[in-house]
Amino acid sequence: MASKISKEISAIQRGTGEKVGSIIQAVAGFILGFVFAFYWGWLLSLILVGALPFMLLVGIAMAASLTVGGSDLMKAYAQSAGYAEQALAAIKVVHTYGQELLEERNYGKYLSRSQIIQKKTIISAAVGQAILFDLLFLFYAFPFFFGGL
């Protein structure tokens, strides 16, 4: 019983590792950042908090796009892997009738579908990240402008 509990605890420790400490540090930094910002410059901090909903929406849209693109990409790869497995299972028949080039072309079609899906996913992620950084730099420029007045 004791060895089983020890094994389970070590598995939990390996699973969590440094993650719990990193999460606590990030949350504490976030909360203390807000506290210090509102203490020393509450008006400017209040104005800059208005950027958070926009950044949150863009981040959610980007995450949703990546999730959908990733699942579509996995489906396309699964189709191409299934086709390759089917062709390899019947390799004697394919070789007997000299259909290697046909099978290669068909496999290429499945792979080209996955490449198209991957390009769309990468482009949507890049656009989302560009919009996110545009918002971030815009709201960085805002305090610099008003701080220089």
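Here the structure is a predicted model, which is why all the values come from computation and not from measurement.

Colleague: Please give an account of the overall build of the protein that cites residues and values.
Modeller: Secondary structure assignment for the protein yields 6 helices and 0 strands. Walking the protein from its N terminus toward its C terminus, one meets helices and strands in the order α-α-α-α-α-α. Taken against the 2.2 N^0.38 rule, which gives 15 Å for 149 residues, the C-alpha radius of gyration of the protein at 26 Å runs more than 25% over that of a compact globule. Looking at the protein as a whole, 13% of its 149 residues qualify as buried. Of all intrachain contacts in the protein linking residues separated by at least 6 positions in sequence, the fraction that spans at least 24 positions is 75%. In the form shown here, the protein has an accessible surface area of approximately 11700 Å², with 72% of it arising from carbon and sulfur atoms.

Colleague: Explain the packing of aromatic side chains to me, and be specific about the residues and the numbers.
Modeller: Counting across every chain of the model gives 7 aromatic pairs. Seen from their ring centres, phenylalanine 34 and phenylalanine 38 are 6.1 Å apart, and the 15 degrees between their planes marks the pair as stacked. A residue pair is termed a helical-turn pair when its members lie 3 or 4 positions apart in one helix, as phenylalanine 34 and phenylalanine 38 do in helix H2 (residues 19-40) at 4 residues. On the numbers, 5.4 Å between centres and 45 degrees between planes, the contact of phenylalanine 36 with tryptophan 40 is tilted. Of this pair, phenylalanine 36 and tryptophan 40 both sit in helix H2, 4 residues apart, roughly one helical turn. Through pairs of rings, three or more aromatic residues link up here, namely Phe30, Phe34 and Phe38.

Colleague: Could you give an account of the packing of helix H4 (residues 51-89) against helix H6 (residues 100-147), naming the residues involved and the relevant values?
Modeller: Where H4 meets H6, the closest approach of the two axes is 9 Å, and the angle between their N-to-C directions is 170 degrees. Judged on the interaxial angle alone, H6 and H4 are roughly antiparallel.

Colleague: Outline H4, supporting the account with residue identities and numerical values.
Modeller: Helical geometry note: an α-helix holds 3.6 residues per turn, so side chains three or four residues apart project in the same direction. Counted at 1.5 Å a residue, the expected span for H4 with its 39 residues is 57 Å, and the 56 Å between its end C-alpha atoms agrees. Three or more residues of H4 are buried, namely Ala51, Met55, Val58, Met62, Gly69, Leu73, Ala76, Ser80, Tyr83 and Ala87. Buried positions along H4 lie against helix H3 (42-48), helix H5 (91-96) and H6.

Colleague: I'd love a proper account of the environment of phenylalanine 133, names of residues and values included.
Modeller: By the element assignment, phenylalanine 133 lies in helix H6. Separated by 35 residues in sequence, phenylalanine 133 and glycine 98 place their C-alpha atoms 54 Å apart.

Colleague: With reference to specific residues and values, describe the environment of tyrosine 110.
Modeller: Its place among the elements puts tyrosine 110 in helix H6. Put simply, tyrosine 110 and alanine 81 are 29 residues apart on the chain and 8.8 Å apart in space, counted from C-alpha to C-alpha. Every residue in contact with tyrosine 110, bar those within four places of it in the chain, is listed here: Gln79, Ser80 and Tyr83.

Calculation criteria
- Residues numbered from 1 in each chain as written.
- Predicted model: local features only at pLDDT ≥ 70, side-chain atom pairs only at ≥ 80, totals over all residues.
- Heavy atoms only, no water.
- Helix = DSSP H or I, 4+ residues; strand = E, 2+ residues; numbered from the N terminus.
- Rg over C-alpha atoms; globule rule 2.2 N^0.38 Å.
- Buried < 20%, exposed > 50% of the residue type's maximum accessible area, 1.4 Å probe, protein only.
- Contact = heavy atoms within 4.5 Å.
- Areas by Shrake-Rupley, 256 points an atom, 1.4 Å probe, with all protein chains shown as cover.
- Phe/Tyr/Trp six-rings, centres within 6.5 Å; stacked < 30°, edge-to-face > 60°.
- Axes fitted to C-alpha atoms, helices over the stretch in contact; angles between N-to-C directions.
- Parallel < 35°, antiparallel > 145°, perpendicular 65-115°, else oblique.
- Expected span 1.5 Å × (residues − 1).

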